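Examining the three-dimensional arrangement
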Amino acid sequence: MLVTSPAAFLEAFQTLAPQPGMAATARSAFLVAPADFTLAAESARDNRYMAMDQAVDPLRALAQHQSLAQALREDVPVIVFPGDPATPDAVFPNNVFGTAPGTLVIGRMRHPVRQREAQRGDIRAFFGEMLDYDEVDLSGCDELVAELTGSLIIDRARGIGYCGLSERCDMAGAEAMHKAFGLRLTFCFELTESEYHTNVVFALLAGRAAILAADGFRDPAVPQAIASAYGDRALWLTPAQKQAYAANAITLVDDRVWMSAVAAASLRDEQRESLTQWGFRLGAVDLSEIEKAGGSLRCCVGEIY
């Protein structure tokens, strides 16, 4: 079922308890290393977080990425696929490749520079031949745009999706992802005009708390409804904290939330205390060079369920 109103969402949410045997966090993760790291001018047309006026250091980006992989290995096994200079945004693989248990989902990207990423045979073969996953390939569906877990935040335990509509995901894309990920409910809503992906304004933490930037949603009732659904366990961000990527966070185990060093530094003491009270340690990695490309830590992480 797809719903578009906060009231319909809250009514449906109450009927969907966590599903037995469905984990709230991934069993492992995969990354794609930056190769000759550059900024993709094509993506900058609708990604207002990109620092197109700044120079980038490819070696520093690579070192930060290696530190990220090593840090995340404290929580789950992490696989790193090689990068390709022809696809500079591939360092953010979660937009193109996503998983549900036993299924690889391949997204339909808006820009051609990102559409090329979907054709990678090594990633497809890893999931199809090594893990024996079925494949749902949306990449050739020209009638829709669906940038996977950039646009779609998923409560894995309950089977609930939160889909922000923008240039990077339309309603047809939301419907396709709802089916591909096997969701029970998807709440669709519009982001504000300046936002491109939901995961820079909203993070769901192990299915029991949220990080929300209210100014990223066109209808202010939407983030309020999401917060209410999770017992008002919501970390509300200022516009400056959103710009620092504090919502671009991820939980790979039940008791730790990861975000970039810049994002973590933006949090106030009382926000850190709230995370502690909700049972989360805070992990941080310096990704300041990679963040010039308009994404942060969560964008770098593909989850394997």
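Our subject is the structure that appears above.
Each value, and the rule that gives it
- Residues numbered from 1 in each chain as written.
- Predicted model: local features only at pLDDT ≥ 70, side-chain atom pairs only at ≥ 80, totals over all residues.
- Heavy atoms only, no water.
- Helix = DSSP H or I, 4+ residues; strand = E, 2+ residues; numbered from the N terminus.
- Expected span 1.5 Å × (residues − 1).
- Contact = heavy atoms within 4.5 Å.
- Polar contact = N/O pair within 3.5 Å; in protein donor to acceptor, adjacent residues only side chain to side chain.
- Phe/Tyr/Trp six-rings, centres within 6.5 Å; stacked < 30°, edge-to-face > 60°.
- Buried < 20%, exposed > 50% of the residue type's maximum accessible area, 1.4 Å probe, protein only.
- Salt bridge = Lys/Arg side-chain N within 4 Å of Asp/Glu carboxyl O.

On to helix H2 (residues 58-72), then. With 15 residues, H2 ought to run about 21 Å at 1.5 Å a step, and its terminal C-alpha atoms sit 21 Å apart, in line with that. Where H2 is buried, its residues touch strand S2 (28-32), strand S3 (78-81), strand S13 (250-253), strand S14 (256-260) and strand S15 (281-285).

Let us look at the side chain of Thr198. When you line up the elements, Thr198 lands in the loop between strand S9 (185-190) and strand S10 (202-205). There is a polar contact of 2.6 Å between the side chain of Thr198 and the backbone oxygen of Ser151. Looking at Thr198, its side chain comes within polar contact range of the main-chain nitrogen of Gly164, at 3.1 Å. Aside from chain neighbours lying at most four places away, what touches Thr198 is Gly150, Ser151, Leu152, Ile153, Tyr162, Cys163, Gly164, Phe189 and Leu191.

Moving on, we come to the packing of aromatic side chains. Considering all chains together, one arrives at 13 aromatic pairs under this definition. An angle of 70 degrees between the planes, with centres 5.5 Å apart, marks the rings of Phe30 and Phe127 as edge-to-face. Of this pair, Phe30 sits in strand S2 while Phe127 sits in helix H4 (residues 121-130); the two residues are 97 residues apart in sequence, bridging distant segments of the chain. Counting every residue linked through ring pairs, the aromatic cluster contains Phe9, Phe13, Tyr162, Phe187, Phe189, Phe202, Phe217 and Tyr230.

This brings us to the environment of Gly98. As for its position among the elements, Gly98 is in strand S4 (residues 97-100). Judged by its relative accessible area of 5%, Gly98 is buried. For Gly98, the residues in contact, after removing those within four places along its chain, are Thr103, Leu104, Val105, Leu148 and Phe181.

Bringing the pattern of salt bridges into the picture now. If you walk through the whole model with that rule in mind, you get 18 salt bridges. With its nearest N and O atoms 3.0 Å apart, the salt bridge here joins Asp137 to Arg124. With Asp137 in strand S6 (residues 134-137) and Arg124 in helix H4, this residue pair connects regions lying 13 residues apart in the sequence. Relative accessible area serves as the criterion here: at 16%, Arg124 is assigned to the buried category. One network of salt bridges, with partners in common, ties together Arg60, Asp286, Glu289 and Lys292.

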